[in-house]
Every structure is written in C-alpha cells, then in structure tokens.
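Residues per chain, in single letters:
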Amino acid sequence: MSSTRIRVGVTRRLPASVEARLSDLFDTKLHDRDTPLSAAALVSLAQDVDVLAATLGDKLDAAFFEAAGDRLKLVANFGAGTDHIDIAAANERGITVTNTPSVLAEDAADMAMALIVAVPRRLAEGVRALEDGNFPGWSPTWMLGRRVRGKKLGIIGLGRVGEAIARRARAFGLSIHYHNRSPINPHMEEELEATYWDSLDQMLARVDIVSVNCPHTPATFHLLSRRRLELLQPHAYVVNISRGEIVDEEALADMIEGGRLAGAGLDVYERGAPSEKLLKAPNVVLLPHLASATVESRVEMGERMIINIKMFADGHKPPDRVILGLDANREPNP
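Residues numbered from 1 in each chain as written. Predicted model: local features only at pLDDT ≥ 70, side-chain atom pairs only at ≥ 80, totals over all residues. Heavy atoms only, no water.

Draft legend 1. Inspection of the environment of F64 at higher detail. Along the chain, F64 turns up in helix α3 (residues 62-67). On the basis of relative accessible area, F64 is assigned to the buried category, the value being 4%. Through-space distance from the C-alpha of F64 to that of G145 is 49 Å; in sequence the pair is 81 residues apart. Leaving out residues up to four positions away in the same chain, F64 has contacts with L42, V43, A46, L52, K59 and L72. (Helix = DSSP H or I, 4+ residues; strand = E, 2+ residues; numbered from the N terminus. Buried < 20%, exposed > 50% of the residue type's maximum accessible area, 1.4 Å probe, protein only. Contact = heavy atoms within 4.5 Å.)

Draft legend 2. Up close: the pattern of salt bridges. Counted according to the given criterion, the structure contains 25 salt bridges. Note that D34 and R12 form a salt bridge whose closest N and O atoms lie 3.4 Å from each other. Residue D34 is found in the loop between β2 (27-29) and α2 (39-47), and its partner R12 is found in the loop between β1 (7-10) and α1 (16-25); the two are separated by 22 residues along the sequence. Look at D34 and you get exposed, because its relative accessible area is 52%. For the salt bridge of D32 with R33, the shortest nitrogen-to-oxygen distance reads 4.0 Å. Here D32 and R33 have matching classes, each one exposed. Each of R7, D27, D48, D50 and R71 takes part in one network of salt bridges that share partners. (Salt bridge = Lys/Arg side-chain N within 4 Å of Asp/Glu carboxyl O.)

Draft legend 3. Structural context of the sheet that holds strand β12 (residues 284-286). Pairing in this open sheet of seven strands is parallel, and the strands run β8-β7-β6-β9-β10-β11-β12 from one edge to the other. With one partner strand each, in any of the chains shown, β8 (194-196) and β12 form the two edges of the open sheet. Averaged over all adjacent pairs, the angle separating strand axes in this sheet is 20°, with direction ignored. Here strand β9 (residues 209-212) runs beside strand β10 (residues 237-240); their pairing, made up of four bridges, is parallel. Bridge pairing links V212 to N240 in β10. Here helix α7 (residues 160-171) sits on the sheet and contacts β6 (152-156), β7 (175-179) and β9; the angle it forms with β6, its principal contact strand, is near 170°. On the sheet, helix α11 (residues 249-257) packs against β10, β11 (263-266) and β12 and is oriented at approximately 140° with respect to β11. (Pairing = 2+ DSSP bridges. Axes fitted to C-alpha atoms, helices over the stretch in contact; angles between N-to-C directions.)

Draft legend 4. Layout of unusual backbone geometry. The phi angle at M143 is positive, at roughly 50°, despite the residue not being glycine. Turning to its location among the elements, M143 is positioned in the loop between α6 (123-131) and β6. Here the phi dihedral of E193 falls at roughly 50°; this positive angle occurs in a residue that is not glycine. Mapped onto the fold, E193 is located in the loop between α8 (186-192) and β8.

Everything listed is a geometric property; what it means functionally is a separate question.
Shown next as structure tokens:
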C-alpha cells in the first residue's frame with residue numbers, strides 16, 4: 001500500500017501543522033468542525049478510507065467495526081488511551097490499532113502536580129471568594145489550607161506519568177508511595193525513594209494524597225470504590241488526571257460533602273463531565289480535561305500518529321501498535 005494513495009479520514013479538528021502534514025503525505029479527508037461525528041457519520045467515513053485517525057470522543061465498538069466494511073485497515077488513535085476502542089473486535093476484522101504513547105507524560109504530570117498543590121492550599125476556593133466579593137481581608141484564621149511538604153503521596157500506577165509526578169512531588173518534599181501489579185525496577189525505586197505497597201487498601205489508609213494514574217480497564221472500573229475511599233483518612237485528598245471511571249464519583253462527592261474527605265482535584269469524570277453533586281462539593285478543583293492540552297503535546301501526538309500511518313502505508317509494522325491484553329497506554333494496571 002503506497003502512502004501517496006492511502007486515504008486517511010480524520011474525525012476531529014487537529015492542530016493546523018498536523019492537518020497540513022497529513023494532507024501532504026496522504027489523500028486526507030479532514031473534519032472541518034471541532035465536534036464529534038455522529039455514529040452514522042463515523043461509520044460512513046470509515047467505509048470510505050483505509051485509515052481512520054480517531055480521537056478519544058469516537059466510540060469504536062464491535063458494532064462500529066462490523067458496519068465499517070472491508071476497506072478500513074488501520075485505526076490511528078490520536079491519544080494514548082484506547083478504552084474507547086474495542087481492540088478485539090478490530091483485530092478480528094484484521095484492523096490494526098495504534099496510539100501515541102510517551103508523549104503526554106510531562107504535561108500530564110505538570111497538571112497533576114498543580115492539582116496536588118491547589119487542592120490542599122484551597123486555591124480554587126480563594127479565587128471564588130474574590131470573584132464573589134467574599135474576601136474579608138487578611139486574617140490569621142481565614143481559609144487555612146494544608147502544608148504539602150512532608151505529606152505522603154500515594155500513586156496508583158507508577159508508569160511514565162506516575163514517575164514524572166513522583167519526580168515533581170519529591171521536589172515539593174512529599175514522600176512517595178505507590179501501588180502497581182508488581183514493583184518497579186529497584187534502581188528506579190531507590191532513585192525516587194518510593195515505597196511499594198502490594199495492597200492498595202493498606203496504602204490508601206496511610207497516605208495523605210492519592211494520585212490516580214492507571215488506565216481504565218474492566219479491572220480498574222471503580223478501583224477507588226466507596227469502600228476504598230472510606231479507607232482514606234478524613235484529611236486526605238484525591239487527584240485524578242487519568243480516567244474518570246476509575247473513581248466512584250458519586251461516593252467521592254458524598255464523602256467530601258460529609259467532611260469524610262478533605263477535597264479532590266479532577267481533570268476527568270465518570271460520565272464525561274462533572275456531576276451536579278460534584279460541582280457543588282466544597283474544596284474541589286475541577287478542570288475540563290486539560291492534562292495534555294499544550295500546543296507541544298498535541299503537535300507531538302499528531303507527529304506520532306503520522307509516523308504510525310506512514311509505517312503502515314509502507315508495509316511495515318507501526319511502532320505503536322496496541323496489542324490485545326496489554327494496557328493501551330503502557331501504564332501499569334494495578
């Protein structure tokens with residue numbers, strides 16, 4: 001399959017430089033609006049292309065692949081996570097799936113660290129007080145937060161992103177604790193001064209801040225269930241920049257509202273957007289999925305996606321094939 005003849009369908013607006021490069025290399029059908037395609041439009045596009053350049057908002061399930069027809073041979077995902085793609089169904093039809101790992105770690109870690117600081121120090125509450133005209137002037141006892149230095153940070157999933165968070169957190173004086181399916185390399189563990197916990201329950205009961213960094217899989221759905229959230233100490237905070245489905249969002253909101261947890265910093269949500277209950281909860285910093293939202297990150301994602309398409313078009317195995325049974329974004333699965 002020659003790259004000059006391969007037809008690529010793009011499901012969302014991408015950075016201009018990425019769209020230009022795609023158009024130079026391939027017969028590319030761009031999407032002129034920054035809104036998701038309907039299910040019917042997604043199938044129609046897939047039927048007319050060799051490669052579908054998909055994004056997080058595209059639900060590519062078994063029904064989609066059944067309807068896509070025989071022309072589609074590659075789904076080149078613009079992003080690391082592929083929980084919106086039925087990999088098994090794609091493979092059954094001989095369709096390769098790729099993603100863009102190793103691009104988002106530093107930017108995602110910056111956002112996680114921002115939340116790790118913002119929630120204990122009550123930054124969002126302070127901004128709202130100013131905006132609402134409720135600032136009474138400096139007071140020795142008004143809006144007191146918690147010191148970050150000296151606290152225990154529990155990382156669920158110490159992969160690329162988790163490691164980048166750990167390095168930042170150490171500079172802020174936090175001690176690093178982590179839970180994976182198995183311990184990381186001993187040299188890395190020593191360098192990070194990280195303590196491994198085989199039991200997630202035991203780690204949760206002992207840390208002050210929890211950072212969720214594992215992928216969403218059937219095994220990690222509601223990994224932080226109501227029962228596990230109740231293991232946290234009342235002064236603890238939850239930070240999640242990974243996938244919303246990993247945390248029982250309703251239970252989290254209930255516990256914050258009832259004073260059984262001190263707060264949370266979230267960039268992802270169980271149902272795509274924060275619930276009304278979560279929006280009303282005190283000391284919660286809510287962001288609109290900004291962890292990877294830098295110009296540099298999105299351009300690098302596009303470049304990585306193009307490499308996968310080009311390698312596939314030239315008859316080679318793409319470097320970022322998603323292999324069934326392995327975590328799509330190469331992060332450890334607790």
